[in-house]
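Breakdown of the fold
Chain by chain, the residues:
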Amino acid sequence: MANSQAVIDRRDLGTLFTLLTEEGYQVIGPRAEDGAILYAPVSGPDDLPRGMGDEEEGGHYRLSNRNDAQLFGHTKAVQGLKAHLYPARQKLWSAEKAGHGFRVVKDSTPQPRYAFIGVRACELAAMFIQDKVFEGGPYTDKGYAERRKNSFIAVVTCNHAGNACFCASQKTGPDVSEGFDLKLAEILDGSRHVFLAEAGSEKGRAVLERLPKQAAEEGDKNAAAAQIDAAAKGQKRAMIAGVADLLAANLESPHWEDVAKRCMSCGNCTMVCPTCFCSTVEDTTDLSGLKAERSRKWDSCFSIDYSYIHGGSVRNTGASRYRQWMTHKLSHWVKQFGHSGCVGCGRCIIWCPVGIDITAEAKAIGKGA
Amino acid sequence: MNVAMQAQADPMDIRPFRIEKIRKELADSFTMELVPEGGGSFSFKPGQFNMLYTFGAGEVPISISGDPSDSSKIVHTIRRVGAVTQAIGNLSEGMAVGIRGPFGKPWPVEEAFGSDLVILAGGLGLAPLRPAIYMALANRHRFGKVVLLYGSRSPSEILFPKELEKWRGRFDTKVRVTVDRAEPGWGGHVGVVTKLVKGAGFDPMHTTAFVCGPEIMMRYGIQALEQAGIDRSGIYVSMERNMKCGIGLCGHCQWGAPFVCKDGPVFRFDEVADAFTVREL
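About the cut-offs
- Residues numbered from 1 in each chain as written.
- Chains lettered and ligands numbered in written order.
- Predicted model: local features only at pLDDT ≥ 70, side-chain atom pairs only at ≥ 80, totals over all residues.
- Buried ≥ 20, exposed ≤ 12 C-beta atoms within 10 Å, placed from the backbone.
- Helix = DSSP H or I, 4+ residues; strand = E, 2+ residues; numbered from the N terminus.
- Arc of directions from axis to C-beta.
- Domains from an automatic or database assignment.
- Contact = placed C-beta atoms within 7 Å.
- Nonpolar A, V, L, I, M, F, W, Y, C, P; charged D, E, K, R; others polar.
- Expected span 1.5 Å × (residues − 1).
- Pairing = 2+ DSSP bridges.
- Axes fitted to C-alpha atoms, helices over the stretch in contact; angles between N-to-C directions.
- Parallel < 35°, antiparallel > 145°, perpendicular 65-115°, else oblique.
- pLDDT = per-residue confidence, 0-100.
- Right-handed = clockwise from strand over helix to strand, strands pointing away.

Before going further, it helps to spend a moment on helix α9 (residues 255-262) of chain A. Buried residues of α9(A): A:H255, A:W256 and A:V259, and no others. Looking down the long axis of α9(A), one finds its buried residues gathered within 105° of arc, a one-sided arrangement.

As structure tokens, then:
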């Protein structure tokens, strides 16, 4: 697709938002809110986190000032895009008492059409993984499938690595080769501020066609490639090779107890993980008892309730619950869906209140084995 | 309903069924016969389960305990153990429940044609096995020996006693029942069900075994079957785990890599033998 590369001036970036809005998309992009970068509705480039960076470490996250004009100078939003494609809480249907029985009314709210701007390689990889989960088996989640099909994805490639990033070792980034509609690289060189753009789909080509642009220069292409290179080389963490087999062979490792001494079973890692898909259903009635509703909401394998069957929970200990999360993510997922469930974004490390590091735990189990 | 047909309808949609008959089984369990509200039929395979919903209270996975050759109704045998099963137990005939299903991999009854069949059940574990028993007896001529070994805690906790007596009365079927604790008037075996395996008279080289009951009973039951010479690949077990969707999307029923709802609940033992030995998996 090299011939579809073009350069868009920073001052013309607003046109992209206008075009997407005209196409009927709700545009979602990174925004600095509540001291963090979040994916939220954005109406134009002015809503983007200009000059903002993010510091990340185990159990640590802060916004920082980059003192420059970059719009995508941060590494990644607090959460990926699963909340948009698979909402944290979704009404499935309601029911009304009718005679001795009841009548079910399906929730027919139309699914939104999202255009995501600023998607990182790891976040796109997470979508591929959730596609397999929700659309790859005998049963499909129709809501997810529709949102996913309707979405427009504008990737912005990374120009540096965050301290928690390890996508290179998971082979999910930092470059992106497929699955996007538009791929942008932000290039800021003195007063020159442009985006090198490439279309990855018909939808993307149609949009790029209508954007004010110039031909891409060799220097821009080299700059974009250098950014990707820096983002790969700057990664301080890595997942060890062969972790799927390692964990499968170490279900009884004493190290699970060691992690359990630190793990608070809070479930933060599962909430920020862009691939974690577990859910529960909640059935409620109104005060009259005549109307009932069913909602689906995110759930976490760290809760005691998660594995409850009559007589008690299957996983009573913190060790067994951490083991469930980590072995599912890195090992069982491969057997279930043909791919690791981890994209190497490092969010579970950042948002763990005690800074448990999945890459370090994997290494520790490797050493103990 | 085959898998392809299920995939067309939204598997999260519930279908209302009317409770036609409720029969008390034991102090804490009952059997319900359900017919589709507004007509229609329901087909399933032995060992499959439904997600059973009662208005406002919630939904639980319950195995089907009826005859697979009768598509006019669904039969469920339920123990009152939690909030939802209590709520279902409080319903009366004529009221409605919601059904999603059938889900899950069945007992391989047809694959067992030509061999001896051993059914090893403990407690309420007889319920998910009953459809397989019906199907096996309807195809009795296709099997060698058919042996049913059943254990319950006490004589008053024997599930389906009339049917057990009826099956025991057949000349072509061996039925052995044992209780952990005898009561006055009990003249049968006393002891754990695994003890019935020895001398059950099947040909271990050509036997398929279906096992269902509490996990601890299944562990020892399988041990006894293996000691009797049955290969692991001829033994099938049915597992129970928390389920919220029944279709492999909610994550709750994972048991190592398998999802109990869609890869099970019936598993060939050699494929899950390792998982059986890991605590809290």
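From this point, the narrative continues.
So, on to the domain arrangement of chain A. All names here are of chain A. According to the domain assignment, chain A consists of domain 1 (2-233) and domain 2 (243-368). Taken residue by residue, the interface counts 38 residues in domain 1 and 30 residues in domain 2. Secondary structure elements with two or more residues in the side of domain 1 that touches domain 2: β5 (60-65), β6 (89-98), α3 (121-135) and α5 (167-170). The biggest single contributor to the side of domain 1 that touches domain 2 is β6, with 9 residues. Of the residues that constitute the side of domain 1 that touches domain 2, the class distribution is 16 nonpolar, 13 polar and 9 charged.

What follows deals with the interface of chain B and chain A. Counting residues at the interface gives 36 residues for chain B and 41 residues for chain A. Listing elements by their share of the side of chain B that touches chain A, those giving two or more residues are α1 (3-8), β1 (15-26) and β4 (58-63) of chain B.

With that settled, the discussion passes to helix α5 (residues 215-227) of chain B. Residue and element names in this part refer to chain B. Over its 13 residues, α5 runs 18 Å from end to end, which matches the ideal 18 Å to within 8%, given 1.5 Å per residue. For α5, the full list of buried residues reads M217, M218, G221, I222, A224 and L225. Along α5, the residues classed as buried sweep out an arc of 160° about the axis, all on the same side. Those residues of α5 that are exposed and aimed more than 90 degrees away from the buried face are E215, I216, Q223 and Q227. Where α5 is buried, its residues touch β7 (116-122), β11 (207-212), β12 (235-238) and α6 (269-276). Immediately beyond the C-terminal end of α5, within one or two residues, lies G229, with a positive phi of roughly 105°.

Residue and element names in this part refer to chain B. The assigned domain composition of chain B is domain 1 (3-103) and domain 2 (110-276). Computed from C-alpha coordinates alone, the two centres of domain 1 and domain 2 are separated by 22 Å. Across the contact, 21 residues belong to domain 1 and 18 residues belong to domain 2. Among the elements that line the side of domain 1 that touches domain 2, the one with the most residues is strand β6 (residues 96-103), at 3 residues. Residues belonging to the side of domain 1 that touches domain 2 are distributed by class as follows: 9 nonpolar, 8 polar and 4 charged.

Right, let's get into the sheet that holds strand β2 (residues 29-36) of chain B. Residue and element names in this part refer to chain B. Reading across from one edge, β4-β3-β6-β1-β2-β5 is the order of the 6 strands in this open sheet, with antiparallel pairing throughout. Only two strands of the sheet have a single partner each, and these edge strands are β4 and β5 (74-79). Put simply, the sheet's adjacent strands are angled 40° from each other on average, direction ignored. Where β1 and β2 come together, 8 bridges link them in antiparallel fashion.

It is worth spelling out unusual backbone geometry at this point. The linkage connecting A:G173 with the following residue, A:P174, adopts the cis geometry, with an omega of 0°. Its location among the elements puts A:P174 in the loop between α5 and β10 (182-189). Following B:G264, the chain continues into B:P265 via a peptide bond in cis, with omega recorded as 5°. Note that B:P265 resides in the loop between β12 and β13 (266-268). At A:S265, a position not held by glycine, the phi torsion is positive, near 55°.

All names here are of chain A. Within the open sheet, the 4 strands sit side by side as β7-β6-β14-β13. Their pairing is antiparallel. Here the strands that pair on one side only, and so sit at the sheet edges, are β7 (101-106) and β13 (279-285). With strand direction ignored, the average angle separating the axes of adjacent strands in the sheet is 25°. Judged from the 7 bridges that link them, β13 and strand β14 (residues 291-298) form a sheet pairing that is antiparallel. What sits directly across from T284, in β14, is E293.

Residue and element names in this part refer to chain A. Where α9 meets helix α11 (residues 318-337), the closest approach of the two axes is 8 Å, and the angle between their N-to-C directions is 105°. Relative to α11, the element α9 lies roughly perpendicular. Seen from α9, the contacting residues are W256, E257, V259 and A260; seen from α11, they are G318, A319, Y322 and R323. Residues belonging to the contact of α9 with α11 are distributed by class as follows: 5 nonpolar, 1 polar and 2 charged.

Let us now look at the confidence of the model for chain B. When pLDDT is averaged along chain B, the result is 94, and 97% of the positions lie at 70 or above. Note on the complex model: pTM 0.94, ipTM 0.93.

Residues and elements named next belong to chain B. Counting buried residues along strand β8 (residues 146-152), 7 of its 7 residues qualify, which places the element largely inside the surrounding structure. Bridge count for β7 against β8 is 6 bridges, and the pairing is parallel. Within β8, the residue paired with I119 across the bridge is L148. In this fold, β7 hands off to helix α3 (residues 126-138), which returns the chain to β8; that crossover is right-handed.

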